[in-house]
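Next come the chains, spelled out residue by residue.
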Amino acid sequence: MAGRQVGGVDVSAGRRGLVAGLVAGLVAVAGAGAISQVRSAQARRKRKASGVAQRTKLARGLKTASVGSKVGATVAVDRVQRSFAGDEKKAELDRRLEEKTANQVVSAMADMKGLLMKVGQMESYTDDDLPEAWRAALSTLQQDATGMDGSASAAVVEEELGRPPNEIFATWSDEPMAAASVGQVHRARTRDGRDVAVKVQYPGASDALRADVGSIQALVDTATKMSARQDTPTSELFDTLDPSALFGEFRDRLLEELDYRTELANQQRLRAAFAGHPFISIPEPIASLSAGRVLTSSLAEGTRFDEVVATWSQTERSLAGEAIFRFALRSIFELRFFNGDPHPGNYIFHGGGRVSFLDFGLCSTLPPELADGLRRTLRRLVIDGDETGGRRVAEEAGLIPRVPDAPDSVVASLLRRGWDHLALDAVGPVSPIGRAPELQEAVEAGLDIRHLVPLMAPPPELAVLKRATEGLRGLLTRLGAEANWQRAALEVWGEAKGKPQGELGQQEAAWRSSSAPASASASASESASESASGRRRWRRRG
């Protein structure tokens, strides 16, 4: 049956990932160009550059259009070949097309860095509907993107610290350990004998990210202004959603990543909060060897995420997942200061549930009333199973607007998304986020989707948190981790009764009894002052 459209939205279609939308846009940009072969993602990673080549809106737009032409040509050739192929051959052509277009787009992401690459990183672990070929290609962006050559990296170190790396450090490796969207990491040893990881920002990374953010901001502003002049379904959506405020929160947090001094402070704050923890470790940042575009930290060595997924036992994967879960929930609900970029490249695993956490460039502070409101909503709605009461708590806390026409079952379904694993007081896995059938049923019953859209978009203060929690769920799903997630959450919230859950719960309880995080009260006061700067109000603009 064809999908029903309300206000121009196909409400019966499944969730489309950002990458799927990106590919559609690239193909739309493409014309009938010549067929062009591109090197595979693996080959592209071997090529070193002097930094980010495309640094302006125009250059980055032309690069995107160029990739669109290549993808379009690839699709055109496939259609010709399919017209002469049998069913078996068509299936093989489809598989090859998927792999080729994935490598074309991901190679461009790796070269361009910036926001486009960040989108690819996030999609690799949060989109449940992502084809395997795309997931495999996008996973290379987590730590193996195209890097810059050793001389370019050394030049940045010299500009920031005043001397070349071979004079600052006892040893320095020109080859990066990992490369990502804003910078790459080199191994070194300090003059006093400490092994360290040195993150160096790509030349031009700041210009590239600002250009990407500026382009999206311009689109958001234009769409908002145009919709305000029209009496259309779209204008009503913009009235309730205020996309400028939503994007503004992401923009501010993303741009903070460009100053490694901010990341150093974030890392110091979280390291102090988890000092002495039995299974959560955060490398020590070294301020004397850091600057705006260079960040030096103690070296964490161990097993990477993909190897854990592929080779570790169920028990070890479950312990690793539970450690990540406890770290995330304690950061969100106790410290109210959390990492908003939980992609798989940001973890080093040591076995027995011990995990080192990396990369704190994108962190966010959660206002106390929202953190408490979210905790009470999850307790009432997911754990206690009270849909009406949970909805009322969420509305009173400002997590969602009041939509009188929306049934409790629809609101509850949207609020539970990504948190269903808290409902079971038993050991179990984390299931993919899936779809919301209640939403489709409500629309088919006559409820206007324009009244439901605000329920699906968080207040600006929760925009980064939504990314963090969706990323967390994606990681736990890929790990196949199993635990009593409800008991773990209740222990973090201080509401659990009886003996702590499992090995990690007992270790954490002992740690808390001996030295509770000193920064928790400080975080509360900081969050309180920041929340006074302005909460999102659920009302129509104007």
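Residues numbered from 1 in each chain as written. Predicted model: local features only at pLDDT ≥ 70, side-chain atom pairs only at ≥ 80, totals over all residues. Heavy atoms only, no water.

**Some points on the overall build of the protein**
Scanning the protein for helices and strands turns up 23 helices and 13 strands. Here the protein holds 542 residues, and the buried ones make up 53% of them. Of the contacts made within the protein by residues no fewer than 6 positions apart, 74% connect residues no fewer than 24 positions apart. By element, 50% of the accessible surface of the protein is carried by carbon and sulfur atoms, the whole surface being about 23200 Å². (Helix = DSSP H or I, 4+ residues; strand = E, 2+ residues; numbered from the N terminus. Buried < 20%, exposed > 50% of the residue type's maximum accessible area, 1.4 Å probe, protein only. Contact = heavy atoms within 4.5 Å. Areas by Shrake-Rupley, 256 points an atom, 1.4 Å probe, with all protein chains shown as cover.)

**Structural notes on the sheet that holds strand S9 (residues 347–351)**
Reading across the sheet, the three strands line up as S6-S10-S9 and stay open at both edges, with mixed pairing between neighbours. With partners counted over all chains shown, the strands left at the sheet margins are strand S6 (280–281) and S9, one partner each. Where S9 and strand S10 (residues 354–357) come together, four bridges link them in antiparallel fashion. Paired with Ile348 across the bridge in S10 is Ser356. (Pairing = 2+ DSSP bridges.)

**Here's the deal with the side chain of Glu491**
Among the secondary structure elements, Glu491 is positioned in helix H21 (residues 485–493). Among the residues examined, Glu491 registers a relative accessible area of 15% and is labelled buried. A polar contact of 2.5 Å, which involves the side chain of Glu491, links it to the backbone nitrogen of Gln501. Ignoring anything within four residues of it in the chain, the contact list for Glu491 reads Arg326, Arg330, Ala496, Lys499, Pro500, Gln501 and Gly505. (Polar contact = N/O pair within 3.5 Å; in protein donor to acceptor, adjacent residues only side chain to side chain.)

**Side note on the nonpolar core**
Formed by 71 residues in total, the largest nonpolar core has its most connected members in Phe274, Phe325, Phe349, Phe357, Leu422 and Trp493. Here this core gets 11 residues from one element, more than from any other, and that element is helix H14 (residues 314–335). Among all residues touching Phe325, those that are not within four sequence positions of it are His421, Leu422, Leu472, Leu476, Trp485, Ala488 and Ala489. Formed by 22 residues, the second largest nonpolar core is a distinct cluster that contains Phe169, Val196, Tyr260 and Val294. (Core = buried A, V, L, I, M, F, W, Y, C linked by side-chain atoms within 4.5 Å.)

**A word on the sheet that holds strand S3 (residues 171–179)**
Across the sheet, four strands lie side by side as S3-S4-S5-S7; this open sheet has antiparallel pairing. Of all strands in the sheet, those bounded by a partner on one side alone are S3 and strand S7 (294–298). Going from strand to strand, the sheet's axes swing by 30 degrees on average, the running direction of each strand aside. Pairing between strand S4 (residues 183–189) and strand S5 (residues 195–201): seven bridges, direction antiparallel. (Axes fitted to C-alpha atoms, helices over the stretch in contact; angles between N-to-C directions.)

**Considering the confidence of the model for the protein**
The share of residues in the protein with pLDDT of 70 or more is 56%, and the mean pLDDT across the chain is 74. Scored below 50 in pLDDT, residues 1–48 makes 82 contacts in the model with residues more than four places away or belonging to other chains. In the predicted structure, residues 226–240 sits below a pLDDT of 50 and forms 20 contacts with residues beyond four places in sequence or in another chain. (pLDDT = per-residue confidence, 0-100.)

**Quick notes on the pattern of salt bridges**
Applying the stated rule across the entire model yields 28 salt bridges. One salt bridge in this structure joins Arg261 and Asp259, with 3.0 Å as the shortest N-O distance. Taking the relative accessible area as the measure of exposure, Arg261 reaches 55% and is therefore exposed. For Asp306, the salt bridge is made with Arg478, and the minimal N-O distance between the two is 3.3 Å. Here Arg478 lies in helix H20 (residues 463–479) and Asp306 lies in helix H13 (residues 305–311), a separation of 172 residues in the sequence. For Arg478, a relative accessible area of 24% translates into the label partly exposed. (Salt bridge = Lys/Arg side-chain N within 4 Å of Asp/Glu carboxyl O.)

**Quick word on the pairing of S3**
Strand direction decides the pairing type here: S3 and S4, joined by five bridges, are antiparallel. The residue bridging Ala178 from the neighbouring strand is Val185, located in S4. Between the antiparallel neighbours S3 and S4 lie three residues.

**Details of the packing of aromatic side chains**
Think of a pair of aromatic rings as described by two things: how far the centres are apart, and how the planes are tilted against each other in angle. Enumeration over the complete set of coordinates arrives at 10 aromatic pairs. On the numbers, 6.4 Å between centres and 75 degrees between planes, the contact of Trp312 with Phe349 is edge-to-face. Of this pair, Trp312 sits in the loop between H13 and H14 while Phe349 is found in strand S9, placing the two residues 37 residues apart along the sequence. The exposure class of Phe349 is buried, given its relative accessible area of 1%. Counting every residue linked through ring pairs, the aromatic cluster contains Phe274, Phe305, Trp312, Phe327, Tyr347, Phe349, Phe357 and Trp511. Against the face of Tyr260 rests Lys199, its NZ or CZ located 5.0 Å from the ring centre. Between Arg269 and the ring centre of Phe337, over which it is positioned, the NZ or CZ distance is 3.9 Å. (Phe/Tyr/Trp six-rings, centres within 6.5 Å; stacked < 30°, edge-to-face > 60°. Lys NZ or Arg CZ within 6 Å of the ring centre and 35° of its normal.)

**Description of H20**
Here H20 spans 25 Å end to end across 17 residues, near enough to the 24 Å set by a 1.5 Å rise per residue. Burial analysis of H20 places 13 of its 17 residues in the buried class, which makes it a mostly covered element. Positive phi shows up at Gly480, right after H20, with a value of about 65 degrees. (Expected span 1.5 Å × (residues − 1).)

**Overview of the packing of H14 against helix H22 (residues 502–514)**
At a minimum axis distance of 10 Å, the contact between H14 and H22 shows a crossing angle of 40 degrees. Judged by the angle between their axes, H14 and H22 are oblique. As for how H14 packs across H22, the hand of that crossing is right-handed. For the pair H14 and H22, the contacting residues are Leu319, Glu322, Ala323, Arg326, Arg330 and Glu334 in the first and Glu503, Leu504, Gly505, Glu508, Trp511 and Arg512 in the second. Grouping the amino acids of the contact of H14 with H22 by side-chain chemistry returns four nonpolar, one polar and seven charged. (Parallel < 35°, antiparallel > 145°, perpendicular 65-115°, else oblique. Left-handed = near helix turned anticlockwise from the far one by under 90°. Nonpolar A, V, L, I, M, F, W, Y, C, P; charged D, E, K, R; others polar.)

**Considerations on the pairing of S10**
Sheet topology note: the S6/S10 ladder contains two bridges and is parallel. By the bridge assignment, Ile280 is partnered in S10 with Val355. Counting the residues in the hairpin turn of S9 and S10 gives two residues, including Gly352, whose phi is positive at 65 degrees.

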